[in-house]
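Architecture at a glance
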Amino acid sequence: MSTPPNGAPVGGSMGGGPSGGRTRHTHKERTWNVNFTTANGGPGGGAGFNGAAGDGGAADRHQGDRLIHAIERIEFRSDKDILALAKAVNHLGRELYLILGMRAEELNGVLSQYKGRWYTFGAQSRIKARLVSAHLKVSAEAAKALGVGALKMAHAFDRHFVKPEREARQQRGGKHARPTFTIGED
């Protein structure tokens, strides 16, 4: 295992383990690098993690690429296609929001423990780490807005196109049907 200049282990637990002394960092989750392979030894396996199984040679795509590719392939032929687009964009936005939010926290954790030159003090390092990771958090919020915007688009489509169509069909259906028995109405 390699160590950065400040002596903290790379990719391991940041708690008070055998590699270092006790720290204030309470995040004890470990990072595992896992490679899923198919029967022929290539990446993929249909699990949806590293490869795009069944994509016909597109095994180098990760999940985000597959989501974008699915969004690009949608052709607008019916209302179901518009709703499928909204669901796909919402899913992409949620994935990006979660990934970028977690990466911002990881970046903040790594940078806040940096002990560089003599003039970099601990408190300054934590403050600067928050300033740097805040930009990635803003990107995560933009991804969240992407997903929410897709849902709003689907709702607006339903309100402006689907519901008026249903109401028009109901009104037409009432005029062509046999008159029903009523009391007190002309």
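Residues numbered from 1 in each chain as written. Predicted model: local features only at pLDDT ≥ 70, side-chain atom pairs only at ≥ 80, totals over all residues. Heavy atoms only, no water.

Moving on: the overall build of the protein. From N to C terminus, the protein includes 3 helices and 0 strands. In the protein, of all internal contacts separated by at least 6 residues, the share reaching a separation of at least 24 is 42%. Approximately 14500 Å² of the protein is accessible, and the part contributed by carbon and sulfur atoms is 57%. (Helix = DSSP H or I, 4+ residues; strand = E, 2+ residues; numbered from the N terminus. Contact = heavy atoms within 4.5 Å. Areas by Shrake-Rupley, 256 points an atom, 1.4 Å probe, with all protein chains shown as cover.)

Bringing the packing of helix α1 (residues 63–73) against helix α2 (residues 79–112) into the picture now. One way to put it is that α1 packs onto α2 with a least axis distance of 9 Å and a crossing angle of 160 degrees. If you check the angle between α1 and α2, you find them roughly antiparallel. When you trace α1 past α2, the crossing you get is left-handed. Contacts between α1 and α2 involve Q63, G64, L67, I68 and I71 from the former and L85, A88, V89, H91, L92 and E95 from the latter. Here the contact of α1 with α2 is composed, by residue class, of 7 nonpolar, 3 polar and 1 charged. (Axes fitted to C-alpha atoms, helices over the stretch in contact; angles between N-to-C directions. Parallel < 35°, antiparallel > 145°, perpendicular 65-115°, else oblique. Left-handed = near helix turned anticlockwise from the far one by under 90°. Nonpolar A, V, L, I, M, F, W, Y, C, P; charged D, E, K, R; others polar.)

The subject of this paragraph is a nonpolar patch on the surface. A cluster of nonpolar residues, L98, I99 and M102, forms a patch on the protein surface that exposes about 290 Å² of accessible area. Mapped onto the elements of the fold, M102 is located in helix α2. (Patch = residues over 30% accessible without salt bridge, like charges linked within 9 Å, V, L, I, M, F, W, Y side chains within 5 Å. Salt bridge = Lys/Arg side-chain N within 4 Å of Asp/Glu carboxyl O.)

Here the focus is α2. Here α2 contains 34 residues, and its C-alpha end-to-end distance of 49 Å stays within 8% of the 50 Å for a straight helix at 1.5 Å per residue. Among the residues making up α2, those that are buried are I82, L85, A86, A88, V89, N90, L92, G93, A104, N108, G109 and S112. (Expected span 1.5 Å × (residues − 1). Buried < 20%, exposed > 50% of the residue type's maximum accessible area, 1.4 Å probe, protein only.)

A few words on the environment of G149. Note on placement: G149 falls in helix α3 (residues 122–176). Put simply, G149 and V89 are 60 residues apart on the chain and 8.8 Å apart in space, counted from C-alpha to C-alpha.

Attention now goes to the pattern of salt bridges. Overall, the coordinates contain 4 salt bridges when judged by the stated rule. For R103, the salt bridge goes to E106, with nearest N and O atoms at 2.9 Å. With R103 and E106 both in helix α2 and 3 residues apart, this pair spans about one turn of that helix. The salt bridge involving K137 is made with E105; its shortest N-O contact spans 3.0 Å. Of this pair, K137 sits in helix α3 while E105 sits in helix α2, and the two are 32 residues apart along the sequence. Classification of E105 as partly exposed rests on a relative accessible area of 44%.

Within the secondary structure, S125 is located in helix α3. Polar side-chain contacts of S125 include one of 2.9 Å to the backbone oxygen of L111. (Polar contact = N/O pair within 3.5 Å; in protein donor to acceptor, adjacent residues only side chain to side chain.)

Summarising the model, the protein shows a mean pLDDT of 75, and 57% of its residues fall at 70 or more. In the model, residues 12–17 has pLDDT below 50 throughout and makes 9 contacts with residues more than four positions away in sequence or in other chains. Counting interchain partners and residues more than four positions distant, the pLDDT-below-50 stretch residues 32–38 has 13 contacts. (pLDDT = per-residue confidence, 0-100.)

With that settled, consider the environment of R94. Position of R94 among the secondary structure elements: in helix α2. According to the relative accessible area criterion, R94 is partly exposed, its value standing at 47%. Spatially, the C-alpha atom of R94 lies 6.1 Å from that of K144, the residues being 50 residues apart in sequence.

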